[in-house]
Amino acid sequence: MKTGIMGGTFNPLHNAHLLIAEMAMEEYGLDRVIFITGGNPPHKEAGMPSRHRYQMTHIAINGNDAFEDDAFEINRKEKSYSVNTLRYLTEKYPADELFFIIGEDSLSDLTKWYKPEEILSMCTLLVFPRKSKETMREAISKMRGMFGQNIFPINAPIIEISSTDIRNRLKAGKTVRYMIPDCVLEYIKEHKLYGE
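The rules we used
- Residues numbered from 1 in each chain as written.
- Predicted model: local features only at pLDDT ≥ 70, side-chain atom pairs only at ≥ 80, totals over all residues.
- Heavy atoms only, no water.
- Core = buried A, V, L, I, M, F, W, Y, C linked by side-chain atoms within 4.5 Å.
- Buried < 20%, exposed > 50% of the residue type's maximum accessible area, 1.4 Å probe, protein only.
- Helix = DSSP H or I, 4+ residues; strand = E, 2+ residues; numbered from the N terminus.
- Contact = heavy atoms within 4.5 Å.
- Salt bridge = Lys/Arg side-chain N within 4 Å of Asp/Glu carboxyl O.
- Phe/Tyr/Trp six-rings, centres within 6.5 Å; stacked < 30°, edge-to-face > 60°.
- Lys NZ or Arg CZ within 6 Å of the ring centre and 35° of its normal.
- Pairing = 2+ DSSP bridges.
- Axes fitted to C-alpha atoms, helices over the stretch in contact; angles between N-to-C directions.

Participant: Quick one: what's the story with the nonpolar core, residue by residue and with numbers?
Facilitator: With 37 residues, the main nonpolar core has Val 33, Phe 35, Ile 101 and Ile 154 as its most contacted residues. At the level of secondary structure, the elements contributing two or more residues to this core comprise α1 (15–28), β2 (32–37), α2 (50–60), β4 (97–103), β5 (124–128), α7 (163–171) and α8 (182–190). Ignoring anything within four residues of it in the chain, the contact list for Ile 101 reads Ile 5, Met 6, Ile 20, Ala 21, Ala 24, Val 33, Leu 126, Phe 128 and Ile 154. Ile 5, Ile 34, Met 136 and Ile 151 belong to the second largest nonpolar core, which has 25 residues in total.

In structure tokens form, the structure reads like this:
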């Protein structure tokens with residue numbers, strides 16, 4: 001089975017995450033995508049309890065049979081390094097071919113990741129553009145030179161939706177309709193998150 005992995009703080013998960021996962025599935029023939037909500041990411045503060053971020057992700061993907069979630073990272077007290085998550089998934093699904101979906105910005109920081117060589121020994125990286133298709137191709141070329149050929153582009157549009165912008169819009173009382181699934185917006189209102 002070809003399994004995609006979409007990780008992130010998902011604070012909150014938004015429509016760009018869902019679209020990129022769907023496009024990666026189509027382009028690379030993935031059978032499913034597992035969404036991993038970051039528990040205690042080493043590079044940034046989540047600011048929102050992981051149970052809320054996980055629950056928003058869970059309800060957002062509920063309508064897609066090919067999307068799953070996994071609470072591995074939010075159930076850990078330690079820092080959530082991608083290498084540990086990949087070890088866990090390799091053990092859990094030993095027969096699967098793993099594809100880790102990341103943004104061009106994350107790929108550019110790959111040398112700063114914990115044990116990047118081991119990460120690339122366990123999975124193929126699928127990269128979506130953040131700045132431009134050209135800068136994404138340059139980043140892929142550079143990292144292939146350092147880490148090998150296991151890095152491929154996702155032919156997806158650049159979608160300028162960010163969780164930060166969504167949080168700021170909610171705090172300011174502005175609309176986020178069509179930026180996040182309606183069920184996620186309902187959850188945010190119900191639990192009075194982000195100043196709603």
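Participant: Give a description of the pattern of salt bridges that names residues and reports values.
Facilitator: Following the criterion strictly, the structure yields seven salt bridges and no others. The partner of Arg 32 in a salt bridge is Glu 68, with the nearest N and O atoms 3.4 Å apart. One end of the pair, Arg 32, is in strand β2; the other, Glu 68, is in strand β3 (residues 67–70), with 36 residues separating them in the sequence. The salt bridge involving Lys 92 is made with Asp 70; its shortest N-O contact spans 3.0 Å. Taken as a pair, Lys 92 in helix α3 (residues 82–92) and Asp 70 in strand β3 lie far apart in primary sequence, 22 residues in all. Accessibility expressed as a relative area gives 41% for Lys 92, which makes it partly exposed. What you see here is one network of salt bridges that share partners, running through Arg 32, Glu 68 and Asp 96.

Participant: Describe the packing of aromatic side chains, with residues and values.
Facilitator: Following the criterion strictly, the structure yields six aromatic pairs and no others. Ring centres of Tyr 28 and Phe 152 lie 6.4 Å apart, and the angle between their planes is 50 degrees; on these two criteria the pair is classed as tilted. One end of the pair, Tyr 28, is in helix α1; the other, Phe 152, is in strand β6 (residues 151–153), and 124 residues separate them in sequence. Take Phe 152: its relative accessible area is 30%, and that puts it in the partly exposed class. For the ring pair Tyr 81 and Tyr 114, a centre distance of 4.8 Å and an interplane angle of 45 degrees mean the geometry is tilted. A residue pair is termed long-range when its members are at least 10 positions apart, and Tyr 81 in the loop between β3 and α3 and Tyr 114 in the loop between α4 (104–108) and α5 (116–122) qualify at 33 residues. Among the aromatic residues, those joined into a ring-pair cluster are Phe 10, Phe 35 and Phe 67. Here the guanidinium or amino end of Arg 32 rests over the ring plane of Tyr 93, the centre of that ring lying 4.2 Å away. Residue placement shows Arg 144 over the ring face of Phe 152; its charged tip is 5.0 Å from the ring centre.

Participant: Would you mind going over the pairing of β2 in detail, with residue names and values included?
Facilitator: The element β2 is largely enclosed, with a buried count of six among its six residues. Burial along β2 is two-sided: Arg 32, Ile 34 and Ile 36 and Val 33, Phe 35 and Thr 37, pointing in opposite directions, are all buried. Bridge analysis of strand β1 (residues 2–8) against β2 gives six bridges, and the strand direction is parallel. Directly across from Gly 7, in β2, lies its bridge partner Ile 36.

Participant: Describe the sheet that holds β1, with residues and values.
Facilitator: Taken in spatial order, the six strands line up as β3-β2-β1-β4-β5-β6 in an open sheet, and their pairing is parallel. Two strands close off the open sheet at either side, each with one partner strand: β3 and β6. Each strand axis lies, on average, 30 degrees off the axis of its neighbour in the sheet, ignoring direction. Lying on the sheet, α1 is in contact with β1, β2, β3, β4, β5 and β6; it crosses β2 at an angle near 145 degrees.

Participant: So, the environment of Leu 86: which residues are in play, and what are the values?
Facilitator: Relative to the elements of secondary structure, Leu 86 occurs in helix α3. A relative accessible area of 1% places Leu 86 in the buried class. The sequence separation of Leu 86 and Leu 120 amounts to 34 residues, and the corresponding C-alpha distance is 9.8 Å. Each residue touching Leu 86, except ones within four places of it in the same chain, is listed here: Ile 5, Leu 98, Phe 100, Ile 119, Met 122 and Cys 123.

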